[in-house]
Amino acid sequence: MSTNLLIKDQNLQLSAKAPPPDDKLFERIARGIETDGYVHLLAALPEVITDSLLDYLAELDGHNFRSANTGRGVARAHNRFVRRDRIHWMEETCPSASAWFDWTHHLKTFLNQRLILGLFSFECHLSHYRPGDFYRKHLDAFKGESNRVLSLVVYLNRGWQPDQGGELVIYSPEDGSELLKVTPEFATLALFLSEEFPHEVLPTHRDRYTVAGWFRLNSSINDNIDPPR
Ligand code: OGA
Ligand code: MN
């Protein structure tokens, strides 16, 4: 009798400690950020998440994307020089995106526990790069000017060929050398510290769809509690 009870107790303990399905992936992400500040994982995003993003994209049906290079006159010309993609800021309330936003919430909680990053919120946009579009070398955040801590990019393009361009190139913060070239193939993930790593999107030769997102702190910068996008 007492042996039976003991076995039962052990089982209870085991099942309570069983990791949720994504923990292995989250751990690979955490380890990459911890050791290098960036990480790149091929065919990594679970199908339920890519499905959720594809549903959202299909519902947009090409509408609701707007030029990412806003402004007028010289400012607009400058912005067009920097980037050509068209974007749509994703709405967390949209039902088709709920699996995606749930996943990013879980990742945020995991990274906060594992790396003590203090991530508070997440924002993201879909991007559409048409043939010829690019995003020149840039940083996603400047120290002391933004709450963006960690950048996350997800790729939604099946069967990307080596001659189709559109790679994300990540550069060393120290000497500017090329660290990594990411092919924008379906379900690939790239994450990097937003203030550290200059990166660019090389001109693409076919339509290129991505989700780019940022985990943010909740601190006040220059008296702005939550700086606008
Ligand atoms: C961005 C960005 C990278 C990519 O939107 O800021 O750098 O590969 N995107 O689309
Ligand atoms: Mn960027």
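Refer to the preceding data block for the structure.
Values in this document were obtained by computation on a predicted structure and should not be read as measured data. In every chain, residue numbers begin from 1 and rise along the written sequence. Chain letters start at A and ligand numbers start at 1, both assigned in the order the entries are written. Totals for whole chains, interfaces and linings use every residue, but because this is a predicted model, local features are given only for residues with pLDDT of at least 70 and side-chain atom pairs only at 80 or more, for both listing and counting. For the side-chain quantities, the full set of heavy atoms in the structure was used; hydrogens and water were omitted.

A. Region of the structure containing the coordination of the manganese ion (ligand 2). On the protein side, the manganese ion (ligand 2) has H138 (NE2), D140 (OD) and H199 (NE2) as donor atoms, found 2.1 to 2.2 Å from it. With water omitted from the atoms examined, metal sites may look incomplete; donors here are N, O and S atoms no farther than 2.8 Å from the metal, or 3.2 Å in the case of Na, K and Ca. Mapped onto the sequence, the donors of the manganese ion (ligand 2) take the spacing H-x1-D-x58-H. Of this pair, H138 sits in strand β5 (residues 135-138) while H199 sits in strand β10 (residues 199-201), and the two are 61 residues apart along the sequence. For the residue pair H138 and H199, the accessibility class agrees, reading buried in each case. Secondary structure elements are taken from DSSP: a helix is a run of H or I of four residues or more, a strand is a run of E of two residues or more, and numbering for both begins at the N terminus. Type-normalised accessible area, obtained with a 1.4 Å probe on protein chains alone, sets the label of each residue: buried when under 20%, exposed when over 50%, and partly exposed for intermediate values.

B. Molecular detail of the side chain of H199. Using a relative accessible area of 4% as the deciding quantity, one classes H199 as buried. Whether two residues are in contact is decided by their heavy atoms, any of which lying within 4.5 Å being enough. In contact with H199, other than residues within four places in its own chain, are R136, K137, H138, L139, D140, L168, V169, I170, Y171 and F192.

C. Representation of the sheet that holds strand β1 (residues 38-41). Pairing is antiparallel across the open sheet formed by seven strands, whose spatial order is β1-β9-β6-β11-β4-β3-β2. If you trace the sheet from one side to the other, it starts and ends with β1 and β2 (66-67), each paired once. Should DSSP find at least two bridges between two strands, the strands are regarded as paired. Looking at chain direction, strand β4 (residues 121-129) and strand β11 (residues 208-216) are connected through nine bridges and run antiparallel. Within β11, the residue paired with C124 across the bridge is G213.

D. Representation of the packing of helix α2 (residues 23-35) against helix α5 (residues 98-115) in the model. Axis definition: a line fitted to C-alpha atoms, over the contacting stretch in the case of helices. Angles run 0 to 180 degrees between N-to-C directions. Their axes nearest at 10 Å, the elements α2 and α5 cross at an angle of 50°. Taken together, α2 and α5 sit at an angle that is classed as oblique. Like other packed secondary-structure pairs, α2 and α5 cross with a definite hand, here right-handed. Residues D23, L25, F26, E27, I29, A30, R31, I33 and E34 of α2 form the contact with α5, whose own contacting residues are W103, H106, L107, F110, L111, R114 and L115. Comment on the angle field: the value is read as roughly parallel under 35 degrees, roughly antiparallel over 145, roughly perpendicular from 65 to 115, and oblique elsewhere. Left-handed is the label given to a crossing in which the near helix is rotated counterclockwise from the far helix by less than a right angle, and right-handed is the label when the rotation is clockwise.

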